[in-house]
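Survey of secondary and tertiary structure
Read off the chains here:
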Amino acid sequence: MTAIVPLENAITVLSEVLSHEQLVLMASRSPSTWKAYAYEWRLFRAWCETRKLEPLNATSNDVSEYLMSSAKDGPPNIERKDGKRRSEPTPRKRAGIERALAALSQIFQLAGKENPTKAIIVRTTIKAIARLFREPQRRASAVRLDDLRKLYSVLPNGMRGYRDWACLTLGFWGGCRRSEIVGLDLEDVVLSKEGMVLRLKETKTTKTGEPEEKFYARAIDTLLCPVIAVEEWLAAHPRDKDKKDEPLFVELRRNKPTPNRMSDMAIYRLIGRYAKLAGLEGRFTGHSLRAGIVTEGVLHGLSDRQIMQVTGHKSPQMIGTYTRRLKSFDNNVVNALLGKKGEKP
């Protein structure tokens, strides 16, 4: 998991190596990209300091050594905002290594420096890491419809239950990412008797700065209805209607709201916590809600285009991944020759 760096801190970190004009070029990227770049640069800078290297003058050999060190021993143990050290670092997985490489590459380019990440030795190092530290891909378990009901059954009473249920239903029915859920402001929610429209100002796939809209119809099943869930949360925590830029979801202290925006890591933790309380088997993460609506869509015969309209996927390739995995047992040679369980061959 990538540590979350507040946007203002991310800008401060990157302004140490990028000029104002170079920072302006980054305006085309989402805040989540800013944060990821800043976090990766802090790690690389800390590693360079231990070797008395100037980060922007790093060579391809330096970058290669850094990536291999991160894969073997983990990244440097940098300080948190409160001055404390993070827990002992663990070896970075391949996705983390590739994210670090992408961030360093962009920063070197924006800074107008020779880009050492493009060297053959760095690319060869990435391949070596994939071979030396090979590990099976861990997929997030999908939250199914029945699972969603089970999650509801273990929700706490009071404000926390209202808030968390609204987050869970929005994430599931809209195929929303964690950052999209917590990034919502009050002005981004439009309720009507037909349903609800959400305006997502920043998404992973939106590059133009235009908000992406998600539509939620009122469901006959009032328990699982995301519109009702949001209405109940707003009733539990009413706000001044004139303060449109207030976050929709806020942190809670002793079951009471604070002014602080809820973090995306809080979404990650609540999904895992409620899945454990509900006795669900599998690995439930922040992606489980998004995986769940795609899974249900495929199993209920929705077309790729229909599912993509919900999730915001720009290509049917990812939907095809789910489809192949879900239908792999139906098209299995064992079933073809011997019949499915419960059927006569």
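Located above this text is the structure these notes cover.
The structure contained in this document is the topic of the report that follows. Computed from a predicted model, the values in this text were never measured in an experiment.

**Here's the deal with the packing of helix α7 (residues 145-153) against helix α8 (residues 159-174)**
Relative orientation of the contacting elements α7 and α8 amounts to 170 degrees, with a least axis distance of 11 Å. Compared by their axis directions, α7 and α8 come out roughly antiparallel. For the pair α7 and α8, the contacting residues are Leu145, Leu148, Leu151 and Tyr152 in the first and Trp165, Leu168, Phe172 and Trp173 in the second. Class assignment for the residues of the contact of α7 with α8 results in eight nonpolar, no polar and no charged.

**What about helix α4 (residues 60-73)?**
Its 14 residues place the ends of α4 20 Å apart at the C-alpha level, agreeing with the 20 Å of an ideal helix rising 1.5 Å per residue. Taken as a whole, α4 has its buried residues at Asp62, Val63, Ser64, Tyr66, Leu67, Ser69, Ser70 and Ala71. Two residues or fewer past α4, Gly74 is found with a positive phi of approximately 100 degrees.

**Section: the pairing of strand β5 (residues 256-261)**
Relative to β5, strand β4 (residues 250-253) is paired through three bridges, and the arrangement is antiparallel. Paired with Val250 across the two strands is Arg261, which belongs to β5. Turn length for the β4-β5 hairpin, with the two strands adjacent in sequence and antiparallel, is two residues, and the turn residue Arg254 shows positive phi of about 55 degrees.

**Observations concerning the pattern of salt bridges**
Inspection of every chain in the model, using the stated rule, returns 14 salt bridges. One salt bridge connects Arg261 with Asp185, and the closest N-O pair in it is separated by 2.6 Å. Placement of Arg261 in strand β5 and of Asp185 in the loop between α9 (178-182) and β1 (189-191) is noted, with a sequence separation of 76 residues between them. In this structure, Glu246 engages Arg239 in a salt bridge whose closest nitrogen and oxygen atoms are separated by 4.0 Å. Exposure remark for Glu246: the relative accessible area of 22% places this residue in the partly exposed category.

Rules and cut-offs
- Residues numbered from 1 in each chain as written.
- Predicted model: local features only at pLDDT ≥ 70, side-chain atom pairs only at ≥ 80, totals over all residues.
- Heavy atoms only, no water.
- Axes fitted to C-alpha atoms, helices over the stretch in contact; angles between N-to-C directions.
- Helix = DSSP H or I, 4+ residues; strand = E, 2+ residues; numbered from the N terminus.
- Parallel < 35°, antiparallel > 145°, perpendicular 65-115°, else oblique.
- Contact = heavy atoms within 4.5 Å.
- Nonpolar A, V, L, I, M, F, W, Y, C, P; charged D, E, K, R; others polar.
- Expected span 1.5 Å × (residues − 1).
- Buried < 20%, exposed > 50% of the residue type's maximum accessible area, 1.4 Å probe, protein only.
- Pairing = 2+ DSSP bridges.
- Salt bridge = Lys/Arg side-chain N within 4 Å of Asp/Glu carboxyl O.

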